[in-house]
Structure formats: structure tokens, C-alpha cells
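Letter by letter, the chains look like this.
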Amino acid sequence: MDGTADSREGMLSRMALNDNKAGMEGLDRDKINNIILEASKGSRFYVNEVKKEQQVNERIGKMMRHKAKLTEQQIQKAQLSAELEMGRELGRVIVHVDMDAFYAAVEMRDCPELKDKPMAVGSMSMLSTSNYHARRYGVRAAMPGFIAKKLCPNLVIVPLNFDKYTAVSEQVREVFAAYDPHFLPMSLDEAYLDITEHLHERQHWPESMRSYKSCDNEVPVETDNLSPVLFEDSPSSSPSLPGSDGKVEVFGTSPEEAVREMRFRIEQKTSLTASAGIAPNMMLAKVCSDKNKPNGQYSILPERQAVMDFIRDLPVRKVSGIGKVTEKMLAALDIFTCAQLGQQMRVLSLLFSETSWHHFLQISLGLGSTRIERCVTLPALSIRVTEPLPLSEM
DNA sequence: ATACATACC
DNA sequence: AACTGGTATGTAT
């Protein structure tokens, strides 16, 4: 039953270019996918992917047979504990910050030759990331370098400089810590922050504490010869001071302005750009940080309606934790967006494990964690300290 | 309890 | 010639 055309289609869901992420809009997908398939065919990797693909199809088949046996009565009496909505928490301001094409951006910064070339960081076997120029060719993270070279023969591949990325990451984290000392790093280039407390304090800050010189790194501009009155009428422009060299930017007190300021400070300090998402919980903030990438930010206002409007047409695949397998299983049930996920929750509760459908339900309601993990950054060394582990885990 | 699968960067 | 490596969590047996 598995014709050649079918298995090719199947493989595409697994191996093909994933243009889900930023910088991949409007590419010639067919051409790119053919090159990827040609280069992969017959390899150990390919054979393994075919096997896994069959397993997924089997799992979907099992699910569909299970679904066919469900009666309307069973579906209607499925209970979805309605208390979740009551527990919705909109009072926290959660930010997800993500450096743009981090490793590639560091290498480009340190080697101007690379600036206008398609380049990627990694090896012939595996790329860690690519710059936006290379992405126009379909070259992206987690792609083997030799395939990337077929897609883009002029691609420059720079080997990993892990120590360098770690050092830059430390600089970025110093900025994060100014907005949330308990921030949660997810990798060298991204982190979650809870800036609720920062924003409270920020309301009472004079403009001088929110003013930054473009040329000067690190600290707010000197307060002495800087009268706040000077900025009264032009909060969004960059007023230049008489008698002062260099532009000064004043940031406001809103969440958006605080995050703009944080990104500005990161760029001043590292010459690298970051993107950010602002939302009432981690799940939404993560999705938002991808929305205006690179060098942008997006926020969801802390209102139920704003959250639901944002969620409605959001493809489930955009949500962290929904990967290609889950996407394909949901697609088999005609679920592509979060709204569709919500509409089918009763069926899902009968087809998936409790942990899985609880997760789906949370997503469909736009809910997510509102507390960043407990973890403290020591000012001097930026060493993360967690609560003592049980002896068994040490 | 263990192995395997999914997902993330 | 060549498809990461580490961690966390979920699923199947």
C-alpha cells in the first residue's frame, strides 16, 4: 500500500525544509526539497528516517482506528476540568529573549569579510546556525554542511568557537540580570525573564535612569549635566544634547520600552541584535519572540481577549513542545491551529494520555507557566545556583 | 523498570 | 565522505 509517491510525501514531512522559522519565507521549496532528498537518498540516515516515518504512520493509524470506535456519547461525556480558566494569571510580564542567528552573528561581527556572504557555523557534517543571507538558499540550523553546500555552493562554513560564544553569552546575561536577577537561561542565546518587579520599580525612575548614550556602553548617561526637562517633548526620538557628543536615547516605563532598552543595551555591549517576546506567560512569550525576528519584538497585552485573538490562528507547530510528530498526528485529526485544538479537546482527551491532552488544553486556552524557575545569578561570576539537589541526584 | 521516542537548542 | 550532542520528558513494553 505504500507507493513510491506516498512514501516520498511521507518523508517530506520528516526531512524536508522546515520553513516554520524566521528568515525562510518565499523560498523555492520544491527545488530545495529535491536537493535535500537527492543528497540524502540511500544514506544510513535516510534509511533510518524511513523506518521512523513508518512508525509514526503506524501510530497515526492506531489513533485513527481508536477514533473510529468512539461513539458520540463517549465524546460528549468527556470531561475537561473547567477550572483552568479560573486560574488564568495575567499579572506577570514574561519576556523571552533570543539572540538573532547567534553563532553566525558573532562570527560576522568578528570577521567583516563574512558580512555580505552566505555563511553558516558548524562543519560539513552539521551546521549549528546560518546567517540570514544563507537562509535565502534554504540553509539552516541542524542541516549537514555538505547538503548546505549543494543548496548554496558559495556558502562559507566557519567552525564553532564555543568559548567565544560562551563569553559573549556572559555579557548578554549581565544585561538580562539587570531586568530579572532570577532569569532562566535556556541556552547560550536565549532566556526567559520575569520583568514584573523591574517594571514596578521602573515607574518611579527618573528619565536619567532610562537614558542611554549610543556611543557609550553599559551605564545610563551622566545625571549631573542632564536635565530631564530636555527630553520632555520627544520621548521617542533621540535628542542630542547641546555640548554633549553622541546621541542619547530615553526609554519609557512600559514593558515594551523596557524591553527595547534591554535590546538596545545588548546591542551596545555586544554589537549583536536580539529579538524578544512579551506576554503574560512563557509559552506565549516564546512564540512572540519569533514573530518579529530578527531585531524586533512583539507583545501580547495582558487581557484574555488579546491572548485568545493571538492564539486563534496560530499554527500548533509554532508552540514549543509541539514537534513534527505531534504536528502530523494532529493534522490527521484536521487540527492545524490552536483554535482547532480547542474545538476538538473532547476527542483529544480520549485519544491521548492525560499529560498530553492537558498540555493541548493549556495551549488552546493560551495558558502557560507564569513563574520562571527558581535560579539565582550571582553578580560577580554569573554562576547559576539552584536549590540543593537530593543526594541521589548528585 | 527499562528502552525507545519526541522535542528543544 | 559526510546527518551534532546534551538534556528533559513522554510513551511503550
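Residues numbered from 1 in each chain as written. Chains lettered and ligands numbered in written order. Predicted model: local features only at pLDDT ≥ 70, side-chain atom pairs only at ≥ 80, totals over all residues. Heavy atoms only, no water.

Identification of chain A as DNA polymerase kappa from Electrophorus electricus is taken from an unreviewed UniProt entry. As recorded by UniProt, the Catalytic activity (unreviewed entry) comment attached to chain A reads in full: "DNA(n) + a 2'-deoxyribonucleoside 5'-triphosphate = DNA(n+1) + diphosphate". Database annotation for chain A, UniProt heading Cofactor (unreviewed entry): "Mg(2+)". (UniProt positions renumbered as here; feature names shortened; annotations may be inferred.)

(A) Representation of the packing of helix 5 (residues 102–110) against helix 8 (residues 162–179) within the structure. Direction vectors running N to C along helix 5 and helix 8 enclose 95 degrees, while the axes themselves pass 10 Å from each other. In this view, helix 5 runs roughly perpendicular relative to helix 8, as classed from their interaxial angle. Each of Phe-102, Tyr-103, Val-106, Glu-107, Arg-109 and Asp-110 in helix 5 lies in contact with helix 8, whose residues at this interface are Phe-162, Lys-164, Tyr-165, Val-168 and Ser-169. (Axes fitted to C-alpha atoms, helices over the stretch in contact; angles between N-to-C directions. Helix = DSSP H or I, 4+ residues; strand = E, 2+ residues; numbered from the N terminus. Parallel < 35°, antiparallel > 145°, perpendicular 65-115°, else oblique. Contact = heavy atoms within 4.5 Å.)

(B) Structural context of the sheet that holds strand 3 (residues 127–130). Strands sit in the order 3-2-4 across an open sheet of three strands; the sheet is mixed. Both edges of this open sheet fall to strand 3 and strand 4 (156–158), since each of them pairs with a single strand only. Each strand axis lies, on average, 30 degrees off the axis of its neighbour in the sheet, ignoring direction. Sheet analysis places strand 2 (residues 119–122) next to strand 4, joined by three bridges and oriented parallel. (Pairing = 2+ DSSP bridges.)

(C) The arrangement of a positive patch on the surface in detail. A contiguous patch of positive charge, built from Arg-59, Lys-62, Arg-65 and Lys-69, is present on the exposed surface. Among the secondary structure elements, Lys-69 is positioned in helix 3 (residues 44–69). (Patch = residues over 30% accessible without salt bridge, like charges linked within 9 Å, V, L, I, M, F, W, Y side chains within 5 Å. Areas by Shrake-Rupley, 256 points an atom, 1.4 Å probe, with all protein chains shown as cover. Salt bridge = Lys/Arg side-chain N within 4 Å of Asp/Glu carboxyl O. Lys, Arg positive; Asp, Glu negative; His and termini not counted. Charge placed at Lys NZ, Arg CZ, Asp CG, Glu CD.)

(D) Quick look at the protein's contact with DNA strand B. Near DNA strand B, the surroundings consist of 16 residues, among which Ser-187, Lys-286, Gly-321, Val-325 and Thr-326 are the closest. Considering the 4 Å shell around the protein, atoms of DNA strand B inside it are sugar or phosphate in 100% of instances. Note that a phosphate oxygen of DNA strand B is positioned 3.0 Å from one of the backbone N or O atoms of Gly-321. Here a phosphate oxygen of DNA strand B and a side-chain polar atom of Thr-326 are 2.4 Å apart. Taken together, the elements giving at least two residues each to the surface near DNA strand B come down to helix 3 and helix 13 (324–332). Of the residues contributing to the surface near DNA strand B, the split by class is four nonpolar, six polar and six charged. (Near = heavy atom within 4 Å. Polar contact = N/O pair within 3.5 Å; in protein donor to acceptor, adjacent residues only side chain to side chain. Nonpolar A, V, L, I, M, F, W, Y, C, P; charged D, E, K, R; others polar.)

(E) Region of the structure containing unusual backbone geometry. The residue after Lys-293, namely Pro-294, is reached through a cis peptide bond having omega -5 degrees. Considering the arrangement of structural elements, one finds Pro-294 in the loop between helix 11 (282–291) and strand 10 (297–299). One non-glycine residue, Ala-142, lies in the positive phi region at around 70 degrees. By the element assignment, Ala-142 lies in the loop between helix 6 (132–135) and helix 7 (145–151). Relative accessible area serves as the criterion here: at 59%, Ala-142 is assigned to the exposed category. (Buried < 20%, exposed > 50% of the residue type's maximum accessible area, 1.4 Å probe, protein only.)

(F) Quick look at the protein's contact with DNA strand C. Around DNA strand C, the neighbouring residues are Ser-40, Phe-45, Met-124, Ser-125, Met-126, Ala-142, Pro-144, Phe-146, Ile-147, Ser-353, Thr-355 and Ser-356. In DNA strand C, atoms within 4 Å of the protein come 33% from sugar and phosphate. A distance of 2.9 Å separates a phosphate oxygen of DNA strand C from a polar atom in the side chain of Ser-353. At a separation of 3.3 Å, a phosphate oxygen of DNA strand C approaches a polar side-chain atom of Thr-355.

(G) How the structure looks around helix 13. Of all the residues in helix 13, the buried ones are Thr-326, Met-329 and Leu-330. What you see down the axis of helix 13 is that its buried residues fit within an arc of 95 degrees, all on one side. Turning to helix 13, the residues buried within the fold contact helix 3, helix 14 (338–343), helix 15 (345–351) and helix 16 (354–364). Immediately downstream of helix 13, the backbone of Asp-334 shows phi near 65 degrees, a positive value. (Arc of directions from axis to C-beta.)

(H) Just the pairing of strand 9 (residues 274–279), in detail. Of all six residues in strand 9, six are buried, a share of seventy percent or more. Residues Ala-274, Ala-276 and Ile-278 line one face of strand 9 and the alternating positions Ser-275, Gly-277 and Ala-279 line the opposite face, and both faces are buried. Pairing geometry for strand 1 (residues 94–99) and strand 9, over six bridges, is antiparallel. The residue of strand 9 that forms the bridge with His-96 is Gly-277. Sheet topology note: the strand 9/strand 10 ladder contains three bridges and is parallel. Bridge assignment links Ile-278 to a residue of strand 10, and that residue is Ser-299. As for the winding sense of the linkage, the β-α-β connection from strand 9 through helix 11 to strand 10 is left-handed. (Right-handed = clockwise from strand over helix to strand, strands pointing away.)

(I) Fine view of the pattern of salt bridges. Scanning the entire structure with this criterion turns up 22 salt bridges. As a salt-bridge pair, Glu-197 and Arg-92 come within 3.3 Å of each other at their nearest N and O atoms. You can see Glu-197 sitting in helix 9 (residues 196–202) and its partner Arg-92 sitting in the loop between helix 4 (72–77) and strand 1, a full 105 residues away along the chain. Look at Glu-197 and you get partly exposed, because its relative accessible area is 41%. The class of Arg-92 is buried, set by a relative accessible area of 16%. Here Glu-261 and Arg-202 are joined by a salt bridge, their closest N and O atoms 2.8 Å apart. Taken together, the positions of Glu-261 in helix 10 (residues 255–270) and Arg-202 in helix 9 put the pair 59 residues apart, joining distant regions of the chain. A residue is classified by how much of its surface remains accessible, and Glu-261, at 1% relative accessible area, is buried. Taken together, the shared-partner salt bridges connect Arg-14, Glu-49, Lys-52, Glu-53 and Lys-328 into one network.

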